[in-house]
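Structural characterization, general
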Amino acid sequence: MGNQIDVVIQPVVLRFTLMDDEVVYFFAADTEAVLDRMELMMGINPDTDMLFDSNLGFMPVSTTALIRGEKNIVVDPGNHHTGFYGQLAIGLKRFGLTPGDIDLVVCTHCHHDHMGSAFRFPGADIVLGEGEADFCEELYGTAETEARLSVMGRLIEVGRGEELELMPGVVAVSTPGHTPGHISVMAENEGGERVIVAGDTVMTRREYSERTFSHWYTSGQLRELNSSLDRLQSLRPNTVMPGHDRAFAPREG
């Protein structure tokens, strides 16, 4: 029997800036505009400016996917506020599930917008790529990382460059680049079609089709991203769910 793969929360991205003492938010329907082009519009030069020292905030909601088969798996539970304010639980309720019904939580990587709401599934096993927990400590410190993981069940790691079967028809795939231990998930649905939940290996449809990655990536990251995208495309998916764009069917050839 195949698996059922659904989107629980669709992605959206907001940018914000500080004008005197007021935070002003910006939104565009086109994901590419919100990500890199809005930065250029606001005069932020990636060649000279540091992203986290610039007057530009980034409040993204990533794609949260649900895979149902022998187990119930949530991929990228998302930003802290979607879990804290209840949107994640409300989304699961549409599929007849509660957070307590989830067996596995897969975090493609440890950035807040993908991992922040993992706490909503206490006791569920958590799947990360090898080395991602260490990267989490670099970003947030040991205390916060330990606090995040302490509420979860087992930590299951996907070896770098390897694949790990999570249940029949569902495989976690090592796809480093966006972060050192980034992973993606490939799942076969009831019709035998392959669906890839790509996380931020593919943030947008254009990154998948044109390989126009963000200007903030280093040359080393770009080499890894292209290699990881080669790996995902070799799986010949019927559907791709990017980290910050709507699901799409890749063109053949």
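Structural data are supplied above this passage.
Description of the structure in this document.

The rules behind these values
Residues numbered from 1 in each chain as written. Predicted model: local features only at pLDDT ≥ 70, side-chain atom pairs only at ≥ 80, totals over all residues. Heavy atoms only, no water. Pairing = 2+ DSSP bridges. Helix = DSSP H or I, 4+ residues; strand = E, 2+ residues; numbered from the N terminus. Axes fitted to C-alpha atoms, helices over the stretch in contact; angles between N-to-C directions. Parallel < 35°, antiparallel > 145°, perpendicular 65-115°, else oblique. Contact = heavy atoms within 4.5 Å. Nonpolar A, V, L, I, M, F, W, Y, C, P; charged D, E, K, R; others polar. Buried < 20%, exposed > 50% of the residue type's maximum accessible area, 1.4 Å probe, protein only. Patch = residues over 30% accessible without salt bridge, like charges linked within 9 Å, V, L, I, M, F, W, Y side chains within 5 Å. Areas by Shrake-Rupley, 256 points an atom, 1.4 Å probe, with all protein chains shown as cover. Salt bridge = Lys/Arg side-chain N within 4 Å of Asp/Glu carboxyl O. 1 Å grid on protein atoms, 1.4 Å probe; cavity = no way out; pocket = protein on both sides within 12 Å on 5 of 7 lines; lining within 4 Å. Points joined across faces, edges and corners; volume = space filled by probe spheres on them. Phe/Tyr/Trp six-rings, centres within 6.5 Å; stacked < 30°, edge-to-face > 60°.

1. Focus: the sheet that holds strand β3 (residues 22–26)
Consider a sheet: its strands pair through backbone hydrogen bonds, and that pairing is either parallel or antiparallel. The strand order β3-β2-β4 describes an open sheet built from three strands, whose pairing is antiparallel. Whereas interior strands pair on both sides, the edge strands pair on one side only; in this sheet they are β3 and β4 (57–61). Shown here is a sheet whose adjacent strand axes are inclined to one another by a mean of 25°, direction ignored. Sheet analysis places strand β2 (residues 12–19) next to β4, joined by five bridges and oriented antiparallel.

2. Notes on the packing of helix α5 (residues 132–140) against helix α6 (residues 142–150)
Between α5 and α6, the shortest axis-to-axis distance is 7 Å and the interhelical angle comes to 130°. When the axes of α5 and α6 are compared, the pair comes out oblique. When α5 is examined against α6, the residues Ala-133, Cys-136, Glu-137 and Tyr-140 are found in contact with a partner set consisting of Thr-142, Glu-144, Thr-145, Arg-148 and Leu-149. Among the residues forming the contact of α5 with α6, the class breakdown is four nonpolar, two polar and three charged.

3. Section: the environment of Phe-52
Within the element layout of this structure, Phe-52 appears in the loop between α1 (31–41) and β4. For Phe-52, a relative accessible area of 77% puts it in the exposed group. In the structure, Phe-52 is positioned 179 residues away from Arg-231 in sequence and 31 Å away in space, judged by C-alpha atoms.

4. Considering a nonpolar patch on the surface
On the surface, Phe-84, Tyr-85, Phe-119 and Val-151 cluster together into a nonpolar patch covering about 430 Å² of accessible area. Following the sequence through the fold, Val-151 ends up in the loop between α6 and β9 (155–158).

5. Considerations on the layout of surface pockets
Over the atoms, a rolling probe the size of a water molecule traces out where space has been left empty. By volume, the largest pocket amounts to about 970 Å³. In terms of lining, the largest pocket is formed by 36 residues, of which the most central are Leu-51, Phe-52, His-111, His-178 and Trp-216. Taken together, the elements giving at least two residues each to the lining of the largest pocket come down to β2, α1, β4, α4 (112–115) and α5. No other element matches α1, which puts four residues into the lining of the largest pocket. Taken together, the residues that form the lining of the largest pocket break down as 16 nonpolar, 12 polar and eight charged.

6. Thoughts on unusual backbone geometry
In this model, Asp-20 sits at a positive phi of 55°, which is unusual for a non-glycine residue. Mapping Asp-20 onto the fold places it in the loop between β2 and β3. The exposure class of Asp-20 is exposed, given its relative accessible area of 75%. Look at Arg-211: it is not a glycine, yet its phi comes out positive at around 55°. Secondary-structure assignment places Arg-211 in the loop between α7 (205–210) and α8 (219–234). Relative accessible area serves as the criterion here: at 27%, Arg-211 is assigned to the partly exposed category.

7. Observations regarding the sheet that holds strand β14 (residues 239–242)
One open sheet accounts for five strands, arranged β10-β11-β12-β13-β14; its pairing is mixed. Every interior strand has two partners, whereas the edge strands, β10 (163–167) and β14, have only one. The average undirected angle you get between the axes of adjacent strands in this sheet is 20°. Direction of pairing for strand β12 (residues 183–188) relative to strand β13 (residues 194–199): antiparallel, over a ladder of four bridges. What sits directly across from Ala-187, in β13, is Val-195.

8. Points about the packing of aromatic side chains
How two aromatic rings sit relative to each other is given by the distance of their centres and the angle of their planes. Counted under the stated rule, the structure contains four aromatic pairs. Seen in terms of ring centroids, Phe-16 and Tyr-25 are 5.5 Å apart; in terms of plane orientation they differ by 50°. Their pairing is tilted. A relative accessible area of 26% means that Phe-16 is categorised as partly exposed. The class for Tyr-25 is partly exposed, based on a relative accessible area of 48%. Taking 5.5 Å as the distance between ring centres and 70° as the angle between the ring planes, the aromatic pair formed by Tyr-208 and Phe-248 counts as edge-to-face. In this pair, Tyr-208 sits in helix α7 while Phe-248 sits in the segment after β14, placing the two residues 40 residues apart along the sequence.

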